[in-house]
Amino acid sequence: MNTPPSSPGSERTDGSSVRIGALVPLTRPGWVEAGRHLLAGLELAVGEVNEAGGIGGRPLELVVRDTAADPQRAAAAVDELARLGVAALAGEYHSVVARAAAARADALGLPFLCSSAVLDALTEQPTEWVARLAPAQSHGWQIYADFLLGAGHSRIAVAAEPSVYWAAGARILRDYLAPRGGTVIELDVRALAPTAVCDELVGNRATALLLLTGFPEPAVSIVKSVRRDERLAEIMMGAPAGQPEFAEWATLLGDDSAAIPFLRYLPERLGPLGARVETALRERLGEAPSFVAFEGYDTVVVLADVLRSHGADRARLAESWPRVAVEGTRGQIRFSRTPGISVWQWAWTPIQVVDRDPAEPERFRILHAG
């Protein structure tokens with residue numbers, strides 16, 4: 001996908017392509033399965049745009065760069081894509097990586113529509129250059145906290161690794177649950193083996209354990225240890241960040257993969273567009289598409305709309321965020337300024353708390369909606 005550079009934001013009428021830079025985790029330590037779904041959604045939508053005539057008769061081209069969950073690599077990719085003359089950036093799944101990409105895009109004056117990353121502080125200061133489809137972490141995780149309280153959980157342990165994203169999640173839960181009678185007990189999985197995590201859960205009388213950890217490890221080992229500890233037969237495990245959404249979770253954990261609630265950004269029932277896209281994504285992926293694939297598709301739907309309306313000039317694209325009104329796979333997409341959020345935000349995509357059905361782990365049960 002290496003193509004000769006063009007002048008940034010140029011308006012060309014020679015039939016050459018309109019380029020979008022795509023940031024996607026495609027190799028470890030990135031979450032490769034999430035990256036594959038994100039890219040499938042992006043590519044499906046680009047293909048449909050081109051089948052419908054492209055952008056003013058010019059083909060839309062996706063210039064993909066693998067971030068591998070590395071913030072520095074992502075920032076370097078933004079620099080490269082800017083030099084290649086992309087009109088805008090799309091994608092990224094990992095929040096800490098998206099934050100690095102957003103900071104660089106803001107500095108360069110390059111529009112960035114973030115598909116999947118949820119960290120509230122996507123940029124340090126408010127910016128006109130960045131918009132986001134995924135809900136802010138504080139919004140989604142407060143819905144998850146409401147689910148926990150409704151299910152009768154007030155002593156909630158979090159098995160956490162050190163990261164800005166996990167620390168933000170623990171803080172959101174603690175700040176939201178404390179005034180409502182809930183207690184959050186933080187367990188550092190760097191210092192505790194999975195069996196020691198089990199001992200801590202028993203000693204702290206926790207009724208729920210949330211996995212704020214990387215996948216597959218240490219998440220898989222913790223789940224297996226808890227499931228095999230007879231003292232913890234009644235404890236609920238959860239993974240608000242969405243690890244159980246993907247097939248690899250079920251493959252690695254088998255029956256242990258079920259009944260672990262997570263956040264999913266889909267409506268209870270897809271409309272006609274969403275249903276059609278679901279079928280196409282399933283064919284492309286060879287499996288049921290995750291919500292991340294829909295995020296990828298919707299990203300291109302939005303960018304194609306603004307490119308048709310405003311051309312490929314970067315400044316004009318960035319100015320168009322508040323005027324977006326596009327029908328996506330999960331509802332109408334509009335961007336606004338949301339308190340505490342530094343970027344243009346879709347407020348909000350539908351949100352569910354779901355889990356894998358113990359009787360049929362390939363099937364998801366909706367437990368709560370927000």
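In the block above lies the structure referred to throughout.
Read on for an overview of the structure. Because the structure is predicted, anything quoted here is derived from the model rather than measured. (Residues numbered from 1 in each chain as written. Predicted model: local features only at pLDDT ≥ 70, side-chain atom pairs only at ≥ 80, totals over all residues. Heavy atoms only, no water.)

With that settled, consider the sheet that holds strand β1 (residues 18–24). The pairing of strands in a sheet happens through backbone hydrogen bonds and is either parallel or antiparallel. Taken together, 7 strands build an open sheet; the order of strands is β2-β1-β3-β4-β5-β14-β13 and the sheet is mixed. Of all strands in the sheet, those bounded by a partner on one side alone are β2 (60–66) and β13 (335–336). For β1 and strand β3 (residues 88–91), the ladder comprises 4 bridges, and the chain directions are parallel. Its bridge partner being in β3, leucine 23 is matched across the sheet by glycine 91. Sitting on the sheet, helix α3 (residues 95–108) is in contact with β1, β3, β4 (112–114) and β5 (130–132), with an inclination near 160° to β4. In this fold helix α10 (residues 291–310) packs onto β1, β2, β3, β4 and β13, with an angle of close to 165° to the strand it touches most, β3. (Pairing = 2+ DSSP bridges. Helix = DSSP H or I, 4+ residues; strand = E, 2+ residues; numbered from the N terminus. Contact = heavy atoms within 4.5 Å. Axes fitted to C-alpha atoms, helices over the stretch in contact; angles between N-to-C directions.)

Quick look at the layout of surface pockets now. Where empty space is left in the structure can be found by rolling a water-sized probe over the atoms. As a volume, the largest pocket reaches approximately 610 Å³. Along the wall of the largest pocket there are 27 residues; nearest its centre are Trp31, Tyr93, His94, Tyr165 and Trp166. Within the residue set of the lining of the largest pocket, elements represented by two or more residues are α3, α5 (164–177) and α10. It is α3 that contributes the most residues to the lining of the largest pocket, 3 residues altogether. Size it by volume and the second largest pocket reaches roughly 490 Å³. Taken together, 23 residues form the lining of the second largest pocket, with Arg264, Glu278, Ala288, Pro289 and Phe364 sitting closest to its centre. Listing elements by their share of the lining of the second largest pocket, those giving two or more residues are α8 (247–253), α9 (272–285), β15 (352–357) and β16 (360–369). (1 Å grid on protein atoms, 1.4 Å probe; cavity = no way out; pocket = protein on both sides within 12 Å on 5 of 7 lines; lining within 4 Å. Points joined across faces, edges and corners; volume = space filled by probe spheres on them.)

Evaluation of the coordinates by the stated rule reveals 17 salt bridges. Across the pair glutamate 186 and arginine 174 runs a salt bridge, and its minimum N-O distance is 2.4 Å. Placement of glutamate 186 in strand β7 (residues 183–188) and of arginine 174 in helix α5 is noted, with a sequence separation of 12 residues between them. With a shortest N-O distance of 2.7 Å, aspartate 256 and arginine 228 are connected by a salt bridge. Pair noted here: aspartate 256 is in the loop between α8 and β10 (262–264) and arginine 228 is in the loop between α7 (219–227) and β9 (236–238), with a separation of 28 residues, a long-range link. Of the residues examined, aspartate 256 reaches a relative accessible area of 14% and is grouped as buried. A relative accessible area of 57% means that arginine 228 is categorised as exposed. (Salt bridge = Lys/Arg side-chain N within 4 Å of Asp/Glu carboxyl O. Buried < 20%, exposed > 50% of the residue type's maximum accessible area, 1.4 Å probe, protein only.)

Moving on to the packing of aromatic side chains. Applying the stated rule across the entire model yields 10 aromatic pairs. Centroid distance tyrosine 144 to phenylalanine 147: 5.7 Å. Interplanar angle 65°. Geometry classified as edge-to-face. In this pair, tyrosine 144 and phenylalanine 147 are both assigned in helix α4 (residues 137–150), 3 residues apart and thus about one turn of the helix distant. Like phenylalanine 147, tyrosine 144 is buried. On the numbers, 4.9 Å between centres and 55° between planes, the contact of tyrosine 165 with tryptophan 166 is tilted. Using a relative accessible area of 13% as the deciding quantity, one classes tyrosine 165 as buried. Here a set of aromatic residues connected by ring pairs shows up, and it is made of Trp31, Tyr93, Phe215, Phe246 and Trp249. In this arrangement the basic side chain of arginine 180 is found over the ring face of tyrosine 176, its NZ or CZ atom lying 3.7 Å from the centre. When the ring centre of tryptophan 344 is taken as reference, the NZ or CZ atom of arginine 337 above it lies at 4.4 Å. (Phe/Tyr/Trp six-rings, centres within 6.5 Å; stacked < 30°, edge-to-face > 60°. Lys NZ or Arg CZ within 6 Å of the ring centre and 35° of its normal.)

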